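Structural features, examined
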Amino acid sequence: MSSEPNWLAAAQQFQQQLVEQWTKIAQGTAKVPDLAENPLMAAMQAAVPAGAGANGWGLPVGATDLFKSANGQPVSFDMGKLLEIQRNYLTEVGELWNQGLQAKPLADRRFSSEAWSKNPVSAFSAAAYLLNARTLMAMAEAVQGDAKTRNRVRFSVQQWIDASSPSNFLAFNAEAQKKALETQGESIAKGMQNLLNDMKQGHVSMTDESVFEVGKNVATTEGAVVFENELFQLIEYKPLGAKVYERPFLMVPPCINKFYILDLQPTNSMIRYAVEQGHRTFVVSWRNPDESMAQVTWDQYIEDAVIRAIDVVRDITGADTINALGFCVGGTMLSTALAVLAARGQHPVQSATLLTTLLDFTDTGILDVFIDENFCKFREMQFAKGGLMPGRDLATTFSFLRPNDLVWNYVVGNYLKGETPPPFDLLYWNSDATNLPGPYYTWYLRNTYLENKLVKPGAATVCGEKIDFRQVKLPVYIYGSREDHIVPIGGAYASTQHLPGPKRFVMGASGHIAGVINPPAAKKRSHWIGPANKFPADVNDWIASAKEHPGSWWTDWSDWLKGHAGKQIAAPKTYGSRAYKATEPAPGRYVKAKA
């Protein structure tokens with residue numbers, strides 16, 4: 001760029017204005033300036049996106065308004081941090097200006113293609129956006145307040161930053177523009193078609209959903225429905241050997257998703273793996289609620305679903321006790337059911353496996369930003385007379401926990417580039433939403449996320465019984481995923497502090513789903529095991545003492561489960577029993593119902 005006096009004067013004027021505005025922002029008295037009024041910036045405005053409520057530098061018009069809306073009220077900043085942010089910003093602004101149209105965005109996959117690097121205007125706009133994204137997040141880190149306030153501000157500001165990326169707009173996306181030119185506009189026409197199709201189906205396509213069909217190429221492990229009521233179908237799976245362990249095995253998946261995350265393909269099916277290991281395996285397949293279930297409560301799910309499933313498995317097999325597994329909220333429900341049964345003096349489960357499960361809701365990660373008294377009251381008023389929490393709303397919430405990966409990535413690919421996302425079974429399952437009964441949902445919100453009652457002995461009453469996990473003394477295998485954004489590793493580990501029986505805690509690599517669905521044959525990822533019977537209060541102390549083991553945690557879990565499965569007996573020749581006959585082949589009809 002020029003180094004002539006007019007440039008220096010303009011730069012000094014610009015710097016002075018920035019200093020003044022930073023001071024006013026810190027005091028909460030000013031909006032971010034209209035930088036286009038500065039003669040230096042006027043020349044730059046044409047090269048930098050000004051949409052999405054931002055000025056040409058990607059800073060929102062009214063930065064204090066952004067932070068206020070993020071928190072619901074004005075925020076204050078740590079002045080020392082704010083001054084440091086100001087200095088860094090002014091330095092980087094000068095460096096970016098001196099690079100001019102030779103500026104290159106820092107490593108970021110959204111701007112990694114040649115189309116961005118070979119288009120100076122686009123490269124400059126990306127670099128300016130990234131600079132201001134870093135600045136806004138630094139300001140979010142400088143907000144003063146309690147942990148919840150700071151987390152809420154960080155989350156909201158990150159949402160704004162991700163949404164305002166120049167890659168999300170055709171007018172600024174160099175890669176989409178290049179493809180439009182190369183295809184003579186065909187990509188734009190295909191993108192519009194994709195948009196109309198997604199509007200019709202009610203969600204952004206993450207995969208080519210036409211490729212998959214439940215029961216044909218996902219959820220294909222052979223079995224039969226042996227029981228059903230208004231809440232669930234119970235599936236028994238066909239043994240793959242001549243013998244099975246005498247103690248049957250029941251799997252309770254989350255009711256906010258469909259069970260076939262545990263049975264995507266034969267190569268990664270946890271259900272099939274359990275069957276292969278010799279367990280007589282049963283799985284709860286939740287009904288996708290419709291209006292007939294609008295009044296169903298948490299207590300009904302515990303009594304009439306989880307406890308009923310335990311009883312039916314025992315009736316069918318004749319076993320005094322069973323082994324059980326709960327995944328995510330399925331684990332929360334299973335543990336609650338075990339506490340109800342313990343309060344009744346009943347102990348029908350020999351061992352429990354909890355996968356990415358919260359019992360103690362102290363550490364709920366990013367989901368905590370949504371939960372407060374006003375939110376719970378709003379939902380309670382909404383469902384005071386019953387109703388359904390739409391599965392699509394739940395799915396959208398979870399997607400926006402990772403917006404660049406699960407929202408904007410597909411907006412850009414599907415609509416701006418006119419691409420069809422490739423087939424991917426896990427993302428097909430992710431898009432297959434389920435509703436929740438409103439009364440169930442509101443009880444869960446208040447008693448777990450808001451008030452954390454389950455781990456306070458006697459604080460929660462379920463099915464007429466006081467919940468006290470101190471009475472749940474069975475052996476438990478607890479698994480948490482290191483990068484889980486739904487059940488943070490600290491939240492999963494916290495169960496070790498509340499269940500008094502013999503415990504084994506294992507941490508796996510990756511996130512909420514990929515960490516769990518990690519078959520041994522894939523030879524992917526690692527898992528960590530700590531010293532036996534040592535569970536310090538702080539998960540970080542456990543992690544520091546744990547030893548890394550390559551590959552899947554499934555083999556460790558399988559060895560543990562076999563120790564609680566009893567002796568081997570002849571495998572059954574038929575499904576169910578005289579009292580519980582097979583009614584339809586797996587995966588049954590409940591799982592096929594759409595939200």
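Structure's up top.
Residues numbered from 1 in each chain as written. Predicted model: local features only at pLDDT ≥ 70, side-chain atom pairs only at ≥ 80, totals over all residues. Heavy atoms only, no water.

**Brief notes about the overall build of the protein**
Note the following rule: Numbering of helices and strands runs from the N terminus; a helix is a DSSP stretch of H or I covering at least four residues, while a strand is a stretch of E covering at least two. Any residue under 20% of the maximum accessible area for its type is buried, any over 50% is exposed, and the rest in between are partly exposed; the area is computed with a 1.4 Å probe on protein chains only. Contacts between residues were defined by any pair of non-hydrogen atoms, one from each residue, lying within 4.5 Å. Here the Shrake-Rupley method, with its probe set to 1.4 Å, supplies the accessible areas, and only the displayed protein chains count as covering residues.
The helix and strand inventory of the protein stands at 20 helices and 19 strands. In the protein, which comprises 595 residues, the share counted as buried stands at 56%. Taking as baseline every contact in the protein between residues at least 6 positions apart, the subset at least 24 positions apart corresponds to 80%. Just so you have it, the protein exposes about 25,100 Å², and 52% of that area is on carbon and sulfur atoms.

**Brief notes about the packing of aromatic side chains**
For the record, the criterion: A pair of Phe, Tyr and Trp rings is counted when the ring centres sit within 6.5 Å of each other, with Trp represented by its six-membered ring. The angle between the planes then sorts it: under 30 degrees is stacked, over 60 is edge-to-face, the rest tilted.
In total, this model carries 28 aromatic pairs according to the counting rule given. Between the aromatic rings of Phe169 and Phe172, the centroid separation amounts to 6.5 Å while the plane-to-plane angle is 75°, which identifies the pairing as edge-to-face. Between Tyr273 and Trp554 the ring centres are 5.1 Å apart and the planes differ by 50°, which places this aromatic pair in the tilted class. Here Tyr273, found in helix α10 (residues 270-276), pairs with Trp554, found in helix α20 (residues 554-562); they are 281 residues apart in sequence, far enough to count as distant.

**Description of the packing of helix α13 (residues 373-382) against helix α17 (residues 438-450)**
Threshold: The convention used is that axes are lines fitted to C-alpha atoms, helices contributing only their stretch in contact, and that angles between N-to-C directions extend from 0 to 180 degrees. If an angle is under 35 degrees, it is roughly parallel; if it is over 145, roughly antiparallel; if it lies from 65 to 115, roughly perpendicular; otherwise it is oblique. Crossings are classed by handedness, with left-handed meaning an anticlockwise turn of the near helix from the far one by less than a right angle and right-handed meaning a clockwise turn. Nonpolar residues are Ala, Val, Leu, Ile, Met, Phe, Trp, Tyr, Cys and Pro. Charged residues are Asp, Glu, Lys and Arg, and all others, Gly as well, are polar.
Close contact between α13 and α17 brings their axes to 9 Å; oriented N to C, the two are set at 165°. As the angle between them shows, α13 and α17 are arranged roughly antiparallel. Between α13 and α17 the crossing geometry is left-handed. Residues Glu373, Phe375, Cys376, Lys377, Arg379 and Glu380 of α13 lie in contact with α17, whose contacting residues are Tyr441, Thr442, Leu445, Arg446 and Leu450. Taken together, the residues that form the contact of α13 with α17 break down as 5 nonpolar, 1 polar and 5 charged.

**Regarding the pairing of strand β8 (residues 322-327)**
Each regular strand displays side chains that alternate between the two surfaces of the sheet. Just so we agree on the cut-off: Only strands that DSSP links by at least two bridges are regarded as paired with each other.
With 6 of its 6 residues buried, β8 lies for the most part within the structure. Where strand β6 (residues 249-252) and β8 come together, 4 bridges link them in parallel fashion. When the bridges of β8 are listed, Leu250 appears paired with Ala324. Relative to strand β9 (residues 349-355), β8 is paired through 6 bridges, and the arrangement is parallel. In the strand pairing of β9, Gly326 is matched with Leu354.

**A word on the sheet that holds β9**
Sheet strands pair by backbone hydrogen bonding; their relative direction is either parallel or antiparallel. Reading across the sheet, the 11 strands line up as β17-β16-β15-β14-β9-β8-β6-β7-β4-β3-β19 and stay open at both edges, with mixed pairing between neighbours. A strand with exactly one partner marks an edge of an open sheet, and here the two such strands are β17 (547-550) and β19 (584-585). Alignment of strand β15 (residues 503-508) against strand β16 (residues 526-529), held across 3 bridges, turns out to be antiparallel. Residue pairing across strands places Met507 opposite Trp528, the latter belonging to β16. Here helix α11 (residues 298-317) sits on the sheet in contact with β3 (223-228), β4 (232-237), β6, β7 (281-286), β8 and β9, set at roughly 30° to β4. Across the face of the sheet, helix α12 (residues 329-343) comes into contact with β6, β7, β8 and β9 while running at roughly 140° to β8.

**Description of the layout of surface pockets**
If you roll a probe as big as a water molecule over the atoms, it shows you where there is empty space left. For clarity, the cut-off: The distinction between a cavity and a pocket rests on a 1 Å grid over the protein atoms alone: a 1.4 Å probe fits inside a cavity but cannot get out, while a pocket stays open yet meets protein on both sides within 12 Å along at least five of seven lines, and a residue with an atom within 4 Å of a point counts as lining. Grid points are joined across faces, edges and corners, and a volume is the space filled by probe spheres set on the points.
Estimates place the volume of the largest pocket at around 870 Å³. Contributing to the lining of the largest pocket are 39 residues, with Arg402, Leu426, Trp429, Asn430 and Ile513 lying nearest its centre. Elements with a contribution of two residues or more to the lining of the largest pocket: α14 (391-399), α15 (403-416) and α16 (425-431). Split into classes, the residues belonging to the lining of the largest pocket amount to 21 nonpolar, 11 polar and 7 charged. Here the second largest pocket is characterised by a volume of approximately 410 Å³. Elements represented by at least two residues in the lining of the second largest pocket include exactly α12, α13, α14 and α17.

**Overview of unusual backbone geometry**
A cis amide bond links Ala586 with the next residue in sequence, Pro587, at an omega value of 10°. The phi angle at Asn533 is positive, at roughly 65°, despite the residue not being glycine.

**Side note on the environment of Ala107**
By the element assignment, Ala107 lies in the loop between α4 (79-99) and α5 (114-117). C-alpha of Ala107 to C-alpha of Ala127: the two residues are 20 residues apart in sequence and 9.9 Å apart in space.

**As for the pattern of salt bridges**
To keep it simple, the criterion reads: Throughout this description, the term salt bridge denotes a Lys or Arg side-chain nitrogen within 4 Å of a carboxyl oxygen of Asp or Glu.
In the structure shown here, the tally under the stated rule is 33 salt bridges. One salt bridge in this structure joins Glu175 and Lys417, with 3.2 Å as the shortest N-O distance. Of this pair, Glu175 sits in helix α8 (residues 174-182) while Lys417 sits in the loop between α15 and α16, and the two are 242 residues apart along the sequence. For Glu175, a relative accessible area of 27% translates into the label partly exposed. Residue Arg402 pairs with Asp405 through a salt bridge whose shortest N-O separation is 3.4 Å. Among the ionic contacts, a cluster of salt bridges with common partners joins Glu373, Lys377, Glu380, Arg446, Glu451 and Lys453.

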